Amino acid sequence: MSGWSCLEGYSDCFWQERRSMLQDLGEKADSVLASCLPEEREYLRFVLATLPLSDLGDYEPELLLHFVRNALALKKEFSWCAALPEHLFLLYVLYPRVNTEELADCRGLFHDALRDRVKGLSLEEAILEVNRWCAEEVTYRSTDDRTASPLAVYRCGYGRCGEESTFAVNALRSVGICARQVYAPFWSHCDDNHAWVEVFDGKAWRYLGACEPEPELDRGWFTGAASRAMLIHARSFLPGTQEDFSFLFPETEPENLWAEQGVVYEAVTARYGKTRAFSVTLKDEQGNVVPEETVTFSILNMARFYPIARKKTGRDGTVKLPLGLGSVRISAVSGGLSAEAVIDTSERSSAELVLREGVLPDAEEALFREFSFFAPAGAPGYPAPLSESGRKKRREWLDAAAQLREEKMARLSQRPLEDRTEEERRIFALLTEKDRAGGVRREVLRDSLLALRWETEYPQEVFEQGLLSPRIGLEPLRPWRERLSAAFPAEEQAAFREAPRGVWSWIEKQIRESDSYSALPATPWGAFRLGAANPTGKAVLFCALCRSFGIPARLSPVDGAPEFYREGWKKAGGEEAHCTLTLTAPEWQEALCGQNYSLSRLEQGKEIPVVTADLPAKGSAAISLRPGSYRLLTVSRMPNGNQLGSQLVFPLATGENRQLALSFREGQISDMLESQGLPPFILKSRAGKAVSSEELLRESLLSLFFWLEPGREPTEHILNELREAAPAFEASGCALHFLLEGPEQEADATLQKTLPALPGAQLWYGDFRDVAPQLARRMFVDPEKLPLVILTGCKGDGLYGCSGYNVGTAKLLLRLLNELEK
């Protein structure tokens, strides 16, 4: 069967299945489909059949038709688009959705801005040019977890990596370039994740950092980090089983694909680092294989086990997934049975899980164990450094982009403020900076004015945050109060105000729970008119309905569950906290929630994060919780990325008051060492003579390099520590090299005192703009902080790195030197 025939059959099957649930929304979609040309109709039917279900409640089919028509025009305009295989054009040029962003009609705008810039260029040149434009418009800034629309990111000029890459993919697709977002859902070696962009160059997939222009492809600050990933994936929005959608992935091995909640994931980890085909076989206690059950693969990150993939076992009870060479937790739940294990894939290529009772405790027992979680070592080599001309070109691009962004921000700051009433300005002020910067529709503010009639009935903070604000969770901001209120008669609303839990009962009866992508937030009105929502969507709809009826409501800051206000915050589902857990930090260490410890509620095979307090050393905090089972994790992360963990899985009974002392494992000094290949770099003497790092490293078995910032407190502290420990460093035989940014940066008084105490130390001038951040990232430390300290071997391998100031750095370096001497 041809690809087009497969597409028609696939689209028709899933559209008809979906169409039967849509009622009035389906009739509108049918009307738009009927107005299309034949080719447009097939593509639009595919989009309607495959987008997450919540999108059909939130976006009109006319918007989706715009994406289709724009893409078809690109085939005629750009030869590289016309040459694409149909499956790549469909998934990575035409398709409207990239991630969890709010959809917006942005591609026409981006196309008009880019068309002349890419005219006459080769495909690779066009890709690089589009990324240059992206850098001129948008830069990185850490924000909340909501993924703003590419249009909002374009307007405000900043976004986190998920937003930058979504913006860049839309820009690339706007000129017919096949592009997709790829994710390391969680790193193993540090507490973070990252998203970037892959583009198809006509022969193969290549990568680039979004809004981070380089003079060539397959280069980015994250290259070293990606080589240490356990899993990197791309995603497409497609319903069905692998048998249904495999025709859209003709070059992909079956074990590299899996599907969940209408999203197909494609593992691309092998492009970035070493992988191993890893298999898990699921069995019961009688030794029988268990087919069609989900095995979850998780990474320890931010002191919590976060899923990176979920795959169902086949008929033989086995799942296969290519993974990096490090630790992964595998787990499965079936009925009242469960199994879990932490496995190091660098040592084995398969594992067996046996489902049994008692893996998670009942009301009378607790389970404690310690474990180690190893990060992949990463690629031994490193991409060749850019030539001097390449570095110069990149600096010029970055400087020009920064200047253009500044000019853009200056223009935006001079725009006259929108004419808003005092009440509208009050509501606008309740929103996040990200909401305000991206643009808020006036109709959203006006819709919220309906809440003012209940202002005198509640405390001010409760009223403003729980009733007046249009923001509930991470959903796109749209008006919903007037529409939702009009859907219920006054007497029913009055009954709900008397008994707010009746709103939740109504949702449970009237809104079916969909298996729509759980990470994608839906608007309240979209979920209501669709009559379906995922669990998060139902919680947001509860809050919106309550606010529409004059009842303050919110998502709990502790566990995200929906709550309403009635002389205090109450759970919508009726389960109130009847237990108390008191946590105490050790005398010698602070406990930071989401950094070195976490608490989760275990419920029906899921782990629900519980937000707890940060505790100073010896500090305590009491938490009110519902009865049930919980997992407490404490983690010590070593500089080499490995983690030493302890977990306690325990029950809380109704009325129980439990006290737990947090404990953290201490690593050995050898655990702090690593071996990362470093790119060579150039240093200059005071006389201006250039010397390569390779030449210096050959002169000593061990070398310490310090990138300094004279006059700044962190640099002053490390210099004082070095001066106090000078005899020990001189006796160690380790070569010491101090680097300043340039000849114009003179040694300050503290450095002038330190140099005579360390007569063997040498003073150099180095590249702080390109080389120092690159080396910091290779050692997986913060590239924004100085001083940067790197301990190296004679072969150019980084053995230890740190940045910023940490008390006792000099003593730690001496301990590391002693360990290496052994």
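Predicted model, so just to flag it, every value in this text is computed and none were measured.

Chemist: Even after reading the chapter, I still don't get the nonpolar core, so can you show me in this structure?
Modeler: Soluble globular proteins tend to bury their nonpolar side chains together. By size, the foremost hydrophobic cluster in this structure holds 121 residues, and its most contacted members are Phe46, Ile177 and Phe297. Excluding its chain neighbours within four sequence positions, the residues that come into contact with phenylalanine 46 are Leu7, Tyr10, Ser11, Leu90, Leu91, Tyr95, Leu238 and Leu248. The next biggest cluster of nonpolar side chains, apart from the first, holds 34 residues, and it includes Ala725, Cys734, Ala761 and Ala810.

Chemist: Would you mind going over the packing of aromatic side chains with me for this structure?
Modeler: Aromatic rings considered in pairs are described by the distance between their centres and by the relative angle of their planes. Within the structure shown, the criterion is met by 42 aromatic pairs. When the centroid spacing of 6.3 Å and the interplanar angle of 80° are considered together, the rings of tyrosine 458 and tyrosine 565 count as edge-to-face. Of the two residues, tyrosine 458 sits in the loop between helix H17 (442-448) and helix H18 (460-468) while tyrosine 565 sits in strand E20 (residues 562-565), which places them 107 residues apart along the sequence. No difference in accessibility class separates tyrosine 458 from tyrosine 565, as the two residues are buried. Clustering of aromatic rings is evident, with ring pairs tying together Tyr10, Phe14, Phe46, Tyr95, Phe237, Phe247 and Tyr517. One residue, arginine 228, lies across the ring of phenylalanine 780, its end atom 4.6 Å from the ring centre.

Chemist: What should I look at first to understand the sheet that holds strand E6 (residues 233-237) in this one?
Modeler: The strands making up a sheet are joined through hydrogen bonds of the backbone, oriented either antiparallel or parallel. Taken in spatial order, the six strands of this open sheet run E5-E4-E3-E6-E8-E7, and their pairing is antiparallel. Edge positions in the open sheet fall to strand E5 (205-208) and strand E7 (257-260), since each of these has one partner strand only. Ignoring which end each strand starts from, the neighbouring axes of this sheet average 35° apart.

Chemist: How should unusual backbone geometry be read in this particular structure?
Modeler: Glycine aside, the phi torsion of most residues is negative, and most peptide linkages are trans. The linkage connecting leucine 786 with the following residue, proline 787, adopts the cis geometry, with an omega of 0°. Following the sequence through the fold, proline 787 ends up in the loop between helix H28 (771-778) and strand E35 (788-793). Residues other than glycine seldom take positive phi values, yet cysteine 211 does so here, at roughly 60°. Checked against the element boundaries, cysteine 211 lands in the loop between E5 and helix H12 (223-226). Exposure remark for cysteine 211: the relative accessible area of 8% places this residue in the buried category. Positive phi is not limited to glycine here, since glutamine 261 has a value of about 55°. Relative to the helices and strands, glutamine 261 resides in the loop between E7 and strand E8 (263-267). You can call glutamine 261 partly exposed: its relative accessible area is 23%.

Chemist: Explain the side chain of arginine 626 to me, please; I cannot follow it from the model alone.
Modeler: Within the fold, arginine 626 resides in the loop between strand E25 (620-625) and strand E26 (628-637). The residues contacting arginine 626, other than those within four sequence positions of it, are Asp559, Glu575, Glu576, Ala577, His578, Cys579, Arg601 and Glu603.

Chemist: Whenever I open this one, helix H3 (residues 38-50) confuses me. Can you help?
Modeler: One full turn of an α-helix is made of 3.6 residues, so residues set three or four places apart face in the same direction. Taking 1.5 Å as the rise per residue, H3 with 13 residues should run 18 Å; its terminal C-alpha atoms sit 19 Å apart, in good agreement. Extensive coverage of H3 is indicated by the burial of 10 of its 13 residues. Listed as buried for H3 are Glu40, Glu42, Tyr43, Leu44, Arg45, Phe46, Val47, Leu48, Ala49 and Thr50.

Chemist: I tried to follow the sheet that holds strand E12 (residues 318-324) on my own but got confused; where do I start?
Modeler: Across the sheet, which stays open at both edges, the three strands sit in the order E12-E9-E15 with mixed pairing between neighbours. Because the sheet does not close on itself, it has two edges, and the strands there are E12 and strand E15 (350-354). Neighbour-to-neighbour, the strand axes of this sheet turn through a mean angle of 25°, independent of strand direction. Here seven bridges tie strand E9 (residues 275-283) to E12, and the two strands are oriented antiparallel to one another. Along E12, the bridge assignment pairs valine 280 with valine 319.

Chemist: Teacher, can you tell me more about the packing of H3 against helix H7 (residues 86-94) here?
Modeler: Helices that pack against each other are described as a pair by the angle of their axes relative to one another and the distance between those axes. Where H3 meets H7, the axes come as close as 12 Å, and the angle between the chain directions of the two elements is 60°. Put simply, H3 runs oblique to H7. Taken as a pair, H3 and H7 cross one another with a handedness that is right-handed. Touching Tyr43, Phe46 and Val47 of H3 are Glu86, Phe89, Leu90, Leu91 and Leu94, all from H7.

Chemist: Just to check I follow, could you spell out the pairing of strand E23 (residues 597-603) for this structure?
Modeler: It is a general feature of regular strands that their side chains alternate between the two faces of the sheet. Among the seven residues of E23, six are classified as buried, and the element is accordingly described as predominantly covered. Looking at chain direction, E23 and E26 are connected through six bridges and run antiparallel. Residue pairing across strands places serine 598 opposite leucine 633, the latter belonging to E26. Judged from the five bridges that link them, E23 and strand E24 (residues 606-610) form a sheet pairing that is antiparallel. Among the inter-strand pairings, leucine 602 is bridged to a residue of E24, identified as glutamate 607.

About the criteria used
- Residues numbered from 1 in each chain as written.
- Predicted model: local features only at pLDDT ≥ 70, side-chain atom pairs only at ≥ 80, totals over all residues.
- Heavy atoms only, no water.
- Core = buried A, V, L, I, M, F, W, Y, C linked by side-chain atoms within 4.5 Å.
- Buried < 20%, exposed > 50% of the residue type's maximum accessible area, 1.4 Å probe, protein only.
- Contact = heavy atoms within 4.5 Å.
- Phe/Tyr/Trp six-rings, centres within 6.5 Å; stacked < 30°, edge-to-face > 60°.
- Helix = DSSP H or I, 4+ residues; strand = E, 2+ residues; numbered from the N terminus.
- Lys NZ or Arg CZ within 6 Å of the ring centre and 35° of its normal.
- Pairing = 2+ DSSP bridges.
- Axes fitted to C-alpha atoms, helices over the stretch in contact; angles between N-to-C directions.
- Expected span 1.5 Å × (residues − 1).
- Parallel < 35°, antiparallel > 145°, perpendicular 65-115°, else oblique.
- Left-handed = near helix turned anticlockwise from the far one by under 90°.

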